[in-house]
Amino acid sequence: MRAPRIGLMGGTFDPIHYGHLVTAEGARVEFALDKVFFVPSGRPPHKPADEVTPAEHQYLMTVLATLGNPYFEVSRLDIDRPGPSYTVETIEEARRLWGASAQLFFITGADAILEILTWKEPERLLSSCHFIAATRPGYDLGRLEGAIGDLWRRFSHRIHVVQVPAMSISSSDIRERVRRGYPIRYLVPEAVADYIYKYRLYQARASGAGAGEGGAAERREAARA
Ligand code: ATP
Ligand code: MG
């Protein structure tokens, strides 16, 4: 029996969108993965806590979005682990779950890999799993080589590429669209849009009594600019 090939896609999924889904499916097919686990991060170390929607919303939207794909699962690994979500720890947990022989593939945007040197223990991370970097068609991998230098020379055989046509969809743009009342149809699965409207996620806050919150929303804007 061959060793299981497991894809893991970490993210804030705030909200999950078709860019994430089409990437995971492309990676699954191209790298013959048995399963892809979406791992909502709960508390990503690089995003301020008051900017992130509560973890249960991220989790439930991800469950709704992946329901129709028998190869997709959602993992509570990061949500249930206290403290910030570091990828190196997520992979360690996944290794415990699926055993030493499993081939683990961490799926991520190529731009995120460019920053891998700022992640916790990048060397140990690259030694512990493969990476599948989603790029726009025509993306120049040379940028990666330039950015991660020595790590690239030692680990490039573990960094693979999948080309994705829907790269320019982003959660920040979707949040902004909801806040401004623009449509998000065809950017996220219908059930995710329904969830966002039902629980009034990403809506502009009322001024007046909620002025404090309005201030927070403005700060979020400033931080994103
Ligand atoms: P935000 O705009 O808030 O940063 P995001 O759209 O980048 O959100 P994340 O949850 O931060 O979504 O990303 C999860 C993972 O998916 C990351 O590895 C990221 O690089 C990747 N990713 C994000 N958008 C896309 C996309 N359109 N196509 C492929 N991968 C994507
Ligand atoms: Mg992002």
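Below: a short report on this structure. For every chain, the first residue of the written sequence is number 1, and numbering continues from 1 along that sequence. All chains are assigned letters beginning at A, and all ligands numbers beginning at 1, according to the order in which they are written. Only residues with pLDDT of 70 or above have their local features reported here, since the model is predicted, and side-chain atom pairs are shown and tallied only from 80 upward, although totals for entire chains, interfaces and linings are computed over all residues. As a rule here, side-chain values cover all heavy atoms of the structure and leave hydrogens and water aside.

Turning our attention to the overall build of the protein chain. Secondary structure follows DSSP: runs of H or I at least 4 residues long count as helices, runs of E at least 2 residues long count as strands, and numbering of each begins at the N terminus. Regarding its fold elements, the protein chain presents 10 helices and six strands. Considering only intrachain contacts with a sequence separation of at least 6, the fraction spanning at least 24 residues in the protein chain is 75%. Accessible area of the protein chain: about 11,500 Å², with a carbon and sulfur share of 53%. Contact between two residues is taken to exist if any of their heavy atoms lie within 4.5 Å; hydrogens are not considered. Using a 1.4 Å probe, accessible areas were evaluated by the Shrake-Rupley method; residue-level cover was limited to the displayed protein chains.

What follows deals with the pairing of strand β4 (residues 103–109). β4 sits mainly inside the fold: five of its seven residues count as buried. At least two bridges found by DSSP between two strands are what make those strands a pair. Direction of pairing for strand β1 (residues 5–11) relative to β4: parallel, over a ladder of five bridges. Bridged to Gly7 within β4 is Phe105. Two elements, β4 and strand β5 (residues 130–135), share five bridges in a ladder whose sense is parallel. Paired with Gly109 across the bridge in β5 is Ala134. For every residue, the accessible area (1.4 Å probe, protein chains only) is compared with the maximum for its type, and the residue is labelled buried under 20%, exposed over 50%, or partly exposed between those bounds.

Centres within 6.5 Å make a pair out of two Phe, Tyr or Trp rings, where for Trp the six-membered ring is used; the pair is then stacked when the planes are under 30 degrees apart, edge-to-face when over 60, and tilted otherwise. Per the stated rule, a full pass over the model turns up eight aromatic pairs. Judged by centre distance (4.6 Å) and plane angle (50°), the rings of Phe37 and Trp98 are tilted. In this pair, Phe37 sits in strand β2 (residues 35–40) while Trp98 sits in helix α4 (residues 87–98), placing the two residues 61 residues apart along the sequence. Given the relative accessible area of 14%, Phe37 is considered buried. Under the relative-accessibility criterion, Trp98 is labelled partly exposed at 24%. Among the aromatic side chains, those forming a connected cluster through ring pairs are Phe13, Phe38 and Phe72. Over a ring means this: the NZ of a Lys or the CZ of an Arg is within 6 Å of the ring centre and within 35 degrees of the ring normal. The side chain of Arg28 reaches across the aromatic face of Tyr71, ending 3.7 Å from its centre.

Once that is clear, we can look at unusual backbone geometry. Looking along the chain, the bond that leaves Asp14 and enters Pro15 is cis, with omega of 0°. Notably, Tyr186 is not glycine yet its phi reads approximately 75°, a positive angle. Despite not being glycine, Tyr202 has its phi angle at roughly 60°, a positive value. For Tyr202, the position within the fold is in the loop between α9 (190–198) and α10 (211–224).

Further remarks concern the site of ligand 1. It suffices for a single heavy atom of a residue to lie within 4 Å of a molecule or strand for the residue to be listed as near it. Ligand 1 sits among 19 residues. The nearest are Thr23, Thr108, Ile169, Ser171 and Ser172. Throughout this description, a polar contact denotes any pair of N or O atoms lying within 3.5 Å of each other; where both atoms belong to protein, one of them has to be capable of donating a hydrogen while the other can accept it, and for residues adjacent in sequence the pair is counted only when both atoms sit in side chains. At a separation of 3.0 Å, a nitrogen atom of ligand 1 approaches a polar backbone atom of Ala166. A distance of 3.0 Å separates a nitrogen atom of ligand 1 from a polar backbone atom of Met167. About the coverage of ligand 1: the protein hides 84% of its 600 Å² of free accessible area. Those elements that place two or more of their residues in the shell around ligand 1 are β1, α1 (18–30), β4 and α8 (171–180).

Another aspect to go through is the pattern of salt bridges. The salt bridge criterion pairs a side-chain nitrogen of Lys or Arg with a carboxyl oxygen of Asp or Glu, the two atoms within 4 Å. A complete count under the given rule lists 15 salt bridges for this structure. Here Lys35 makes a salt bridge to Glu73, at a shortest N to O gap of 3.1 Å. Of this pair, Lys35 sits in strand β2 while Glu73 sits in strand β3 (residues 72–74), and the two are 38 residues apart along the sequence. Judged by relative accessible area, which is 32%, Glu73 ranks as partly exposed. For Glu89, the salt bridge goes to Lys120, with nearest N and O atoms at 2.5 Å.

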